[in-house]
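# Breakdown of the fold
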Amino acid sequence: MKIAIFGANGPTGRILTRQVLDAGHAVAAVTRNPGEFPLDAPGLTVVGADVYNSEEVERVVAGQDAVLSTLGVPYGRQPIRVYSEGTGNIMRAMTRHGVRRLVCVSSSATDPAAGPHGGIFFSKVLQPLITNLLGRTLYEDMRRMEAAVAESGLEWTIMRPSGLFETESVTDYRMAVDYLNGTFTSRTDLADSMLRQLSSSEYVRKVAAVATFDQKPSLIRMIAREASSKKSAPDRTFEGDPS
Ligand SMILES: NC(=O)c1ccc[n+]([C@@H]2O[C@H](COP(=O)([O-])OP(=O)(O)OC[C@H]3O[C@@H](n4cnc5c(N)ncnc54)[C@H](OP(=O)(O)O)[C@@H]3O)[C@@H](O)[C@H]2O)c1
């Protein structure tokens, strides 16, 4: 198959690109910085495009069999719109060019009412801190993206991982419709779960929770990294945003 991967140059996107190539597909890896993309392999085309630019997005999407998106930005106080607007541009291009299958990454934090993600300290203290304070603007935009994807008429799957961390290889991770009580998801597992959607209809038009249970990272280190990363790469603000 011919697969476009948005967010291909991010930590999950790079793993996903490798896995999709290894599975024998042709990949258009989308990044704003093609010169920095670390992979070079038969079947790989690295494409420079910004998801805010609908013409660039359309050029990538035309002729693909499916689109995978690991697009993301760090937490920030400013309103975030890359998930909703970027994925909106991707979906419009897909509709125009008859590309039906979309698998995009959201987060388990978009739906706090679904259930806890860990023990009492995590669900009562850390989870509210992450969803209502550190990540409030990000999760607001993910919810806008999820709503638009669900309305799109495409053959979509929304992936909801929990806190991302690294494992050396794919573990015995779990998936479920809508919700899993898991605090963490390995990026390698998330990538594998997305790759599997290309050959399965089990989660078409469904939200897929994906979580890793065999290994776990240091929670404090993860939160510190997420909190500090917002200074390094702020998302664009809404037009006219005074802040
Ligand atoms: N971190 C967590 O614990 C966590 C938990 C749950 C869900 N998630 C979600 O999981 C996904 C993957 O996360 P990740 O940490 O692997 O990746 P990431 O660092 O959030 O970002 C992925 C890539 O998105 C691309 N991107 C951002 N804005 C873009 C734009 N305007 N146009 C084109 N590309 C753009 C960037 O690539 P270029 O700069 O190369 O263009 C970036 O490397 C994200 O959606 C994230 O929100 C993360």
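This text gives an overview of the structure that appears in the document. (Residues numbered from 1 in each chain as written. Predicted model: local features only at pLDDT ≥ 70, side-chain atom pairs only at ≥ 80, totals over all residues. Heavy atoms only, no water.)

### Description of the site of the ligand
For clarity, the threshold we go by: Nearness here has a simple test: a residue counts as near a molecule or strand if at least one of its heavy atoms is within 4 Å of that partner. Whenever two N or O atoms come within 3.5 Å, that pair is a polar contact, provided that in protein one can donate a hydrogen and the other can accept it, and provided that, for residues adjacent in sequence, both atoms are side-chain atoms. Each helix corresponds to a stretch of at least 4 residues labelled H or I by DSSP, and each strand to a stretch of at least 2 residues labelled E; elements are numbered beginning at the N terminus.
Of all residues adjacent to the ligand, which total 28 residues, the nearest are Thr12, Thr31, Leu71, Tyr83 and Arg187. Side-chain polar atom of Asp50 to a nitrogen atom of the ligand: 3.0 Å apart, as the coordinates give it. At 2.9 Å, a backbone N or O of Leu164 approaches an oxygen atom of the ligand. At the level of secondary structure, the elements contributing two or more residues to the shell around the ligand comprise helix H1 (11–22), helix H3 (82–97) and strand S7 (163–165).

### A closer look at helix H2 (residues 54–61)
Put simply, the rule reads: Relative accessible area decides the class of each residue, using a 1.4 Å probe on protein chains only: under 20% of the type maximum gives buried, over 50% gives exposed, and in between gives partly exposed. The arc in question is formed by the directions pointing from the helix axis toward the C-beta atoms. For this analysis, residues touch if any pair of their heavy atoms sits within 4.5 Å.
All of the buried residues in H2 are Val57, Val60 and Val61. Viewed along the axis of H2, the buried residues span an arc of 90 degrees, placing them on a single side of the element. Opposite the buried face of H2, at more than 90 degrees from it, the exposed residues are Glu55 and Arg59. In this structure, the buried side of H2 is in contact with strand S1 (2–6), strand S2 (26–31), strand S3 (44–48), strand S4 (66–69) and H3. After H2 finishes, the residue Gly63 shows a positive phi value of roughly 90 degrees.

### Side note on the sheet that holds strand S5 (residues 101–105)
What counts here: Two strands are said to pair when DSSP picks up at least two bridges between them. Convention adopted: a line fitted to C-alpha atoms gives each axis, helices being fitted over their contacting stretch, and angles between N-to-C directions are expressed from 0 to 180 degrees.
Taken in spatial order, the eight strands of this open sheet run S3-S2-S1-S4-S5-S6-S10-S8, and their pairing is mixed. Unpaired on one side and paired on the other, S3 and strand S8 (174–177) mark the two borders of the sheet. When strand polarity is set aside, the average angle formed by the axes of neighbouring strands in this sheet is 20 degrees. Where strand S6 (residues 155–161) and strand S10 (residues 206–211) come together, five bridges link them in parallel fashion. Counterpart to Met159 in the pairing with S10 is Ala208. Taken strand by strand, helix H5 (residues 136–151) contacts S5 and S6, and its axis lies near 155 degrees from that of S6.

### Observations concerning the pattern of salt bridges
The cut-off we apply is this: For this document, the term salt bridge refers to a Lys or Arg side-chain nitrogen within 4 Å of an Asp or Glu carboxyl oxygen.
Enumeration over the complete set of coordinates arrives at ten salt bridges. Each of Asp111, Glu146 and Arg160 takes part in a single network of salt bridges with overlapping partners.

### Looking at unusual backbone geometry
Most peptide bonds are trans, and most residues other than glycine sit at a negative phi. With phi around 70 degrees, Asp178 is a residue other than glycine that occupies positive phi space. You can see Asp178 is positioned in the loop between S8 and strand S9 (184–186). Given the relative accessible area of 41%, Asp178 is considered partly exposed.

### Concerning the nonpolar core
So the rule is basically this: Only buried residues count toward a nonpolar core, which is a set of Ala, Val, Leu, Ile, Met, Phe, Trp, Tyr and Cys residues joined through side-chain atoms within 4.5 Å.
Core analysis: the biggest nonpolar cluster contains 38 residues, and Phe6, Val67, Ile90 and Leu102 have the highest contact counts within it. Sorting the residues of this core by element identifies S1, S2, H2, H3, S5, helix H4 (120–134), H5 and S6 as the ones contributing at least two each. The dominant element in this core, judged by the number of residues it contributes, is H3, at six residues. In terms of nonpolar packing, the next biggest core, distinct from the first, is built from 26 residues, Ile5, Val27, Met194 and Ala208 among them.

### Description of the packing of H2 against H3
In plain terms, the rule: Each angle receives one of four descriptions, namely roughly parallel if under 35 degrees, roughly antiparallel if over 145, roughly perpendicular if within 65 to 115, and oblique otherwise. Left-handed is the label given to a crossing in which the near helix is rotated counterclockwise from the far helix by less than a right angle, and right-handed is the label when the rotation is clockwise. Each residue gets one label: Ala, Val, Leu, Ile, Met, Phe, Trp, Tyr, Cys and Pro are nonpolar, Asp, Glu, Lys and Arg are charged, and the others, such as Gly, are polar.
Interhelical geometry of H2 versus H3 gives an angle of 50 degrees and a closest axis separation of 9 Å. With respect to their mutual orientation, H2 and H3 come out oblique. Of the two elements, H2 crosses H3, and the hand of that crossing is right-handed. The segment H2 lies against H3, with Ser54, Val57, Glu58 and Val61 engaging Asn89, Ile90, Ala93, Met94, Arg96 and His97. The class makeup of the residues in the contact of H2 with H3 is five nonpolar, three polar and two charged.

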